[in-house]
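Architecture at a glance
Chain residues, written in single-letter form:
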Amino acid sequence: MPKEDPAGPEFWEKRYRERFTPWDAGAVPAEVRALVASLPPRQRVLIPGCGSAYEARAFAEAGHDVVAIDFSDAALVAARAVLGEWRTVLRCADFFADDLGAPFDLVYERAFLCALPRRRWTAYAERVAAELGAGGRLVGFFFWSEGERGPPFGLKTGELEALFAGRFARVADAPAQASIAVFAGKERWQEWVRSP
Ligand SMILES: C[S@@+](CC[C@H](N)C(=O)[O-])C[C@H]1O[C@@H](n2cnc3c(N)ncnc32)[C@H](O)[C@@H]1O
């Protein structure tokens, strides 16, 4: 694959069009099924960089108010096929530039932070905090790796804590139950509550 900038939509557009999507799990993770079953009714859920959006469907089917965004049209084509009647939850939007409809109760993370070049990580933390209301939660999968090249760009030890310091407090942390090959052994499920 040529080296375009993963901060822009062209990088992702090309990969979805060529069906080169090694990050695509093709299913809803067990952790998400358990989370969906545990939530109070009608939570407002934001899914940035939703890709094929399997999880968006799981949240929507359970009655939650979902906004699933991606800035790649080809990703959204894939997501529409997965979502069927729930496709109205999709929006073509740039996480950093567009009004997404804050405040949300929950932001779901999977393979979005690690898709962003490191130079965007502080802006990611600021934007997630801005999208959440008081007591809101950032929940999902985070990827650690000592490698420098990406995507996926891996977190180093202590990096996530430094990034979220003063913005979020971690309330849950466990190894991912069933990672796909690219993330195997390097992925954890975590829940972070937005600080007041
Ligand atoms: C590695 S893929 C992960 C997709 C999905 N979360 C999953 O788990 O399969 C990263 C996704 O983030 C999207 N993306 C990257 N930067 C974005 C931005 N600034 N705004 C919206 N979407 C973005 C890409 O188009 C791509 O679909």
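Coordinates for the structure precede this section.
Quantities reported herein were computed from a predicted structural model and do not represent experimental measurements. (Residues numbered from 1 in each chain as written. Predicted model: local features only at pLDDT ≥ 70, side-chain atom pairs only at ≥ 80, totals over all residues.)

Focus on the environment of Asp 65
- On the secondary structure map, Asp 65 appears in strand S2 (residues 65-70).
- Looking at Asp 65, the number of C-beta atoms within 10 Å reads 16, which means it is partly exposed.
- In contact with Asp 65, other than residues within four places in its own chain, are Arg 42, Gln 43, Arg 44 and Val 45. (Helix = DSSP H or I, 4+ residues; strand = E, 2+ residues; numbered from the N terminus. Buried ≥ 20, exposed ≤ 12 C-beta atoms within 10 Å, placed from the backbone. Contact = placed C-beta atoms within 7 Å.)

Some remarks on the site of the ligand
- Around the ligand, 20 residues are found, and the nearest of them are Trp 12, Gly 49, Gly 51, Ser 72 and Ala 115.
- For the shell around the ligand, the residue count by class is twelve nonpolar, four polar and four charged. (Near = placed C-beta within 6 Å. Nonpolar A, V, L, I, M, F, W, Y, C, P; charged D, E, K, R; others polar.)

Digging into helix H2 (residues 30-38)
- All of the buried residues in H2 are Glu 31, Val 32 and Leu 35. In a view along the axis of H2, the buried residues occupy a sector of 95°, so they form one face of it. Looking at H2, the residues exposed on the side facing more than 90 degrees away from the buried face are Ala 30, Ala 34 and Ala 37.
- In this structure, the buried side of H2 is in contact with helix H3 (54-61), strand S5 (132-143) and strand S7 (187-194). (Arc of directions from axis to C-beta.)

Here we look at the packing of helix H1 (residues 9-17) against helix H4 (residues 73-83)
- Running from N to C, H1 and H4 cross one another at 45°; their axes reach a closest spacing of 7 Å. Judged by the angle between their axes, H1 and H4 are oblique. Only Asp 73, Ala 74, Ala 75 and Ala 78 of H4 make contact with H1, whose side of the interface consists of Trp 12, Glu 13, Tyr 16 and Arg 17.
- Among the residues forming the contact of H1 with H4, the class breakdown is five nonpolar, no polar and three charged. (Axes fitted to C-alpha atoms, helices over the stretch in contact; angles between N-to-C directions. Parallel < 35°, antiparallel > 145°, perpendicular 65-115°, else oblique.)

Side note on the sheet that holds strand S4 (residues 104-109)
- The mixed open sheet is built from seven strands, whose spatial order is S3-S2-S1-S4-S5-S7-S6. Taken across any chain shown, the strands that pair with only one partner, and hence form the sheet edges, are strand S3 (90-92) and strand S6 (168-175). Direction aside, neighbouring strands of the sheet carry axes that sit 20° apart on average.
- With seven bridges connecting them, S5 and S7 associate as antiparallel partners. Within S7, the residue paired with Phe 142 across the bridge is Arg 188.
- The sheet contacts of helix H5 (residues 121-131) involve strand S1 (44-48), S4, S5 and S7, and relative to S5 the element is tilted by about 140°. (Pairing = 2+ DSSP bridges.)

Some points on the pairing of S2
- With respect to burial, S2 is a largely interior element, five of its six residues being buried.
- Pairing of S1 with S2, which is carried by five bridges, proceeds in the parallel orientation. Bridge pairing links Val 45 to Val 66 in S2.
- With H3 bridging S1 and the parallel S2, this β-α-β connection has right-handed handedness.
- With H4 bridging S2 and the parallel S3, this β-α-β connection has right-handed handedness. (Right-handed = clockwise from strand over helix to strand, strands pointing away.)

With respect to H1
- Residues of H1 that are buried: Trp 12, Arg 15 and Tyr 16. Angularly, the buried residues of H1 cover 100° about the axis, an arc narrow enough to put them on a single face.
- Elements in contact with the buried residues of H1: H4.
- Immediately downstream of H1, the backbone of Arg 19 shows phi near 55°, a positive value.

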